[in-house]
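Here are the chains, one letter per residue:
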Amino acid sequence: MAFLAPGDRAGPGSVDGHTGLGLDGLGSTEPVVTKALGGGQTVLSVEDLVVRYGTAVALESVSLNVERGEMVALIGANGAGKTTLLNALSGMLVPSAGRISCSGKLAHVPEGRELFAELSVDDNLRLGAWKATSRDTSPIYALFPKLDKLAKRRAGGLSGGEQQMVAIGRALMARPDLLAIDELSQGLAPNIVQELSRHLIRLNLETGLSVLLVEQNARLALGLCRRAYVLDTGHVVREGLSSQLLDDASVQQAYLGGPLVS
Amino acid sequence: MSAFLQYLVTGVARGFLFALLATGFVVIHRVTKVVNFAQGAFAVLGGFIAYSLLRAGIPHGVSEVIAVLAAAAIGLLFGAVTILGNMSPIASLITTIGLAILSEAVAMIAWGTTPLTFSGIGGADIHVAGVYLPKQYLLLIGVSMVVLIVLWLVLDRTYIGKGMTACASNPYAAKLSGINVKRIGLLAFAIGGALGGLGGVLIMPLFPLTYDGDVSLAILGFAAAIVGGLPRPRARWWACLRDRRADGGGLLVAS
Ligand SMILES: Nc1ncnc2c1ncn2[C@@H]1O[C@H](COP(=O)(O)OP(=O)(O)OP(=O)(O)O)[C@@H](O)[C@H]1O
Ligand SMILES: [Mg+2]
């Protein structure tokens with residue numbers, strides 16, 4: 001873990017100290033709009049990251065960064081290396097080279113939700129706070145009122161959309177500064193995706209939470225996030241403002257199913 | 001009638017012995033996915049340590065508690081050997097067989113090959129309506145029941161218990177949530193060691209154990225765990241109580 005900056009997710013004390021972010025604003029009626037948007041403070045920076053599985057190279061010199069309070073999309077075809085990148089960020093696999101520095105706490109919502117299926121919704125949420133100082137789940141229920149009614153239910157018995165809420169809620173229980181979400185919309189109906197997107201935007205606006213969003217649905221991702229990176233077979237092939245990428249002919253061709261008819 | 005009562009008590013007592021061993025086995029298996037063939041060794045070593053402490057003049061109660069703690073420490077050690085490297089499941093299984101053989105060798109060198117026993121805490125036996133009941137049986141039943149219930153409450157209700165379930169359920173997600181999965185695995189091994197050691201300490205006054213008694217103990221605990229279903233702890237305990245009939249009352253004749 002030597003490549004990680006001090007004060008990262010490793011220390012239980014690192015959560016509350018420095019940012020003043022977190023979920024505190026959520027319960028109140030007055031939204032706390034933060035200073036963070038475009039503040040220029042980098043919460044995550046990745047430099048020349050290389051990840052190999054045995055001899056196969058999954059990421060080859062990937063660099064990207066996320067500013068505090070920013071929502072950034074990461075799009076790319078199947079097998080591009082998106083999940084690999086998030087796993088490297090959360091310390092689930094060790095990169096062969098490069099640098100990851102995270103100036104806050106990172107929480108990772110994994111591909112396929114990965115809930116504790118036989119435990120209750122409430123237990124799943126509380127376990128997300130294993131290293132946090134507070135196990136109070138009420139901010140999560142305030143954010144996802146639907147989950148409040150499901151609190152005692154087995155997580156494995158929930159619908160896909162409900163499971164995704166639990167997965168996001170569990171990650172938020174760690175009180176992250178940066179939320180990395182792998183495949184927000186996977187297997188979900190469009191209206192559920194919309195609902196989740198609204199929640200994310202609200203979180204981002206009210207608490208200044210930074211988001212790194214991995215998404216197969218490029219149109220959705222580019223609509224939600226101000227900035228985006230395009231990953232292709234382990235390389236960042238495009239980066240820029242979402243509006244620019246939406247107009248980029250090659251991006252349209254590869255990820256948006258042809259030019260937009262407007 | 002009196003014979004029936006006597007069989008009932010001895011049978012239930014054996015059931016609880018299997019339950020202790022099987023529960024240790026299952027806690028380790030669920031959390032670490034390791035099939036621990038050294039489960040019987042915890043019982044033999046725990047019992048032998050209690051034997052030596054009692055011989056050294058340390059009083060009842062204290063000796064037994066120290067022996068159980070020593071068995072927990074042995075469990076921790078075995079866990080460290082088995083799970084701290086990144087072994088494949090089959091390699092870890094073979095490692096536990098190796099550890100079982102090693103502990104047999106150690107037990108043989110340290111305590112010899114004759115069966116060992118010590119007098120239980122109970123003292124005088126109880127005779128009720130012509131039934132002969134060593135108090136040790138009642139002690140075994142009472143202590144096992146309390147320990148298993150407390151363990152179940154801890155696993156089912158406490159935060160650390162939920163953390164253990166989380167590791168069993170989804171180790172990847174547990175790690176993502178910041179749980180140190182290896183450390184929880186070591187805790188499971190320590191619990192398994194303590195439960196095995198407790199079984200040994202409680203059974204030795206009733207059945208003398210030899211250094212190689214771990215095999216039959218492990219197999220019976222293993223059988224109870226399988227009958228009960230490895231992933232379902234509550235069903236398993238019933239199975240242990242049913243199981244006592246299956247062995248025809250001939251437990252431990254092997255050793
Ligand atoms: N555990 C693994 N062992 C070996 N190779 C792997 C492993 N996981 C992923 N890969 C390979 O690494 C590459 C990147 O995979 P990754 O899962 O990161 O892609 P992805 O962009 O998340 O794809 P998807 O959109 O399908 O989820 C792929 O070629 C994949 O086959
Ligand atoms: Mg993926």
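Here's a quick rundown of the structure. All values reported here derive from a predicted model rather than from experimental measurement.

Moving on, we get to the coordination of the magnesium ion (ligand 2). Residue and element names in this part refer to chain A. Those protein atoms acting as donors to the magnesium ion (ligand 2) are Thr83 (OG1) and Glu111 (OE), and they sit at 1.9 to 2.4 Å. One end of the pair, threonine 83, is in helix 2 (residues 82–89); the other, glutamate 111, is in the loop between strand 5 (106–109) and helix 3 (121–127), and 28 residues separate them in sequence. Threonine 83 gets classed as partly exposed once you look at its relative accessible area, which sits at 22%.

This part covers unusual backbone geometry. Residue and element names in this part refer to chain A. Of note in this structure, serine 61 is not a glycine but carries a positive phi near 55 degrees. On the secondary structure map, serine 61 appears in strand 2 (residues 56–67). One non-glycine residue, glutamate 183, lies in the positive phi region at around 60 degrees. Mapping glutamate 183 onto the fold places it in the loop between strand 6 (178–182) and helix 7 (190–207).

Residues and elements named next belong to chain A. Reading across from one edge, 5-6-7-3-8-9 is the order of the 6 strands in this open sheet, with mixed pairing throughout. Two strands lie at the open edges of the sheet, namely strand 5 and strand 9 (235–241), each paired on one side alone. On average, each strand axis in the sheet is inclined to that of its neighbour by 15 degrees, with strand direction left out of account. Direction of pairing for strand 6 relative to strand 7 (residues 210–215): parallel, over a ladder of 5 bridges. In the sheet register, leucine 178 faces strand 7, and the bridge partner there is serine 210. Helix 6 (residues 160–172) rests against strand 5 and strand 6 of the sheet, and its axis sits at about 165 degrees to strand 5.

The final tally for this structure, using the stated rule, is 5 aromatic pairs over all chains. Here B:Phe42 and B:Phe78 contribute two aromatic rings whose centre-to-centre distance is 5.6 Å and whose plane-to-plane angle is 40 degrees, an arrangement assigned as tilted. A residue pair is termed long-range when its members are at least 10 positions apart, and B:Phe42 in helix 2 (residues 39–55) and B:Phe78 in helix 3 (residues 62–83) qualify at 36 residues. Grouping residues by exposure puts B:Phe42 and B:Phe78 together as buried. An aromatic cluster is present here, built from B:Phe25, B:Phe37 and B:Phe222 joined pairwise through their rings. For the cation-ring pair, A:Arg135 lies above B:Tyr159, with the distance from its terminal atom to the ring centre recorded as 3.5 Å. Stacked on the ring of A:Phe116, the Lys or Arg A:Arg170 has its end atom at 4.9 Å from the ring centre.

With that settled, consider the interface of chain A and chain B. Of the residues lining the interface, 21 residues belong to chain A; the matching set on chain B comes to 17 residues. Counting each side, the surface lost to burial between chain A and chain B is near 1700 Å², with a carbon and sulfur contribution of 65%. Taken as a group, A:Met92, A:Phe116 and A:Trp130 account for 40% of the area that chain A buries against chain B, more than any other trio of residues on that side. On inspection of chain A and its partner chain B, the count reaches 1 salt bridge. A salt bridge links B:Lys162 to A:Asp123; its shortest N-O distance comes to 3.0 Å. Linking chain A with chain B are 7 residue pairs in polar contact (both at pLDDT 80 or more).

The nonpolar side chains of a soluble globular protein tend to be buried, and buried together. Ranked by size, the top nonpolar core spans 117 residues in total, and within it A:Leu179 and A:Leu213 carry the most contacts. Here the element with the most residues in this core is helix 2 of chain B; it accounts for 11 residues. Once you skip the residues sitting within four places of it in the chain, A:Leu179 turns out to touch A:Ala107, A:Val109, A:Ile168, A:Ala171, A:Leu172, A:Leu200, A:Leu209, A:Ser210, A:Val211 and A:Leu212. Ranked by size, the runner-up nonpolar core spans 26 residues in total, among them A:Val51, A:Leu59, A:Val66 and A:Tyr229.

Before going further, it helps to examine the side chain of B:Thr32. All names here are of chain B. With respect to the helices, strands and loops of the structure, threonine 32 is situated in helix 1 (residues 2–32). The class of threonine 32 is buried, set by a relative accessible area of 15%. At a separation of 2.6 Å, a polar atom in the side chain of threonine 32 contacts the main-chain carbonyl oxygen of isoleucine 28. The contact partners of threonine 32, leaving out residues within four places of it in the chain, are Ile83, Gly185 and Phe189.

What the rule picks out here adds up to 9 salt bridges over all chains. Its salt-bridge partner being B:Arg157, residue B:Asp156 comes within 3.2 Å of it at the nearest N-O pair. Owing to a relative accessible area of 28%, B:Asp156 belongs among the partly exposed residues under this scheme. Through salt bridges with shared partners, a single ionic network connects A:Glu70, A:Arg226 and A:Arg227.

Before going further, it helps to examine the state of the cysteines. Two cysteines form a disulfide when their sulfur atoms are joined by a covalent bond. Inspection of every chain in the model, using the stated rule, returns 0 disulfides over all chains. Among the cysteines around A:Cys102, which has no disulfide bond, A:Cys225 carries the closest sulfur, lying 17 Å off.

As a further point, take the site of ligand 1. Residues and elements named next belong to chain A. Among the 13 residues in the neighbourhood of ligand 1, the closest are listed as Lys82, Thr83, Thr84, Glu111 and Gln216. Here a nitrogen atom of ligand 1 and a side-chain polar atom of tyrosine 53 are 3.5 Å apart. Here glutamine 216 contributes a side-chain N or O atom positioned 2.5 Å from an oxygen atom of ligand 1. Compared with its free state, where it exposes 630 Å², ligand 1 has 57% of that area covered by protein. No other element matches the 3 residues that helix 2 contributes to the shell around ligand 1. When the residues that make up the shell around ligand 1 are grouped by side-chain class, the tally is 4 nonpolar, 6 polar and 3 charged.

Cut-offs and rules
- Residues numbered from 1 in each chain as written.
- Chains lettered and ligands numbered in written order.
- Predicted model: local features only at pLDDT ≥ 70, side-chain atom pairs only at ≥ 80, totals over all residues.
- Heavy atoms only, no water.
- Donors = N, O, S within 2.8 Å, 3.2 Å for Na, K, Ca; no water.
- Helix = DSSP H or I, 4+ residues; strand = E, 2+ residues; numbered from the N terminus.
- Buried < 20%, exposed > 50% of the residue type's maximum accessible area, 1.4 Å probe, protein only.
- Pairing = 2+ DSSP bridges.
- Axes fitted to C-alpha atoms, helices over the stretch in contact; angles between N-to-C directions.
- Contact = heavy atoms within 4.5 Å.
- Phe/Tyr/Trp six-rings, centres within 6.5 Å; stacked < 30°, edge-to-face > 60°.
- Lys NZ or Arg CZ within 6 Å of the ring centre and 35° of its normal.
- Buried area = accessible area lost by both parts, 1.4 Å probe.
- Salt bridge = Lys/Arg side-chain N within 4 Å of Asp/Glu carboxyl O.
- Polar contact = N/O pair within 3.5 Å; in protein donor to acceptor, adjacent residues only side chain to side chain.
- Core = buried A, V, L, I, M, F, W, Y, C linked by side-chain atoms within 4.5 Å.
- Disulfide = S-S within 2.5 Å.
- Near = heavy atom within 4 Å.
- Areas by Shrake-Rupley, 256 points an atom, 1.4 Å probe, with all protein chains shown as cover.
- Nonpolar A, V, L, I, M, F, W, Y, C, P; charged D, E, K, R; others polar.

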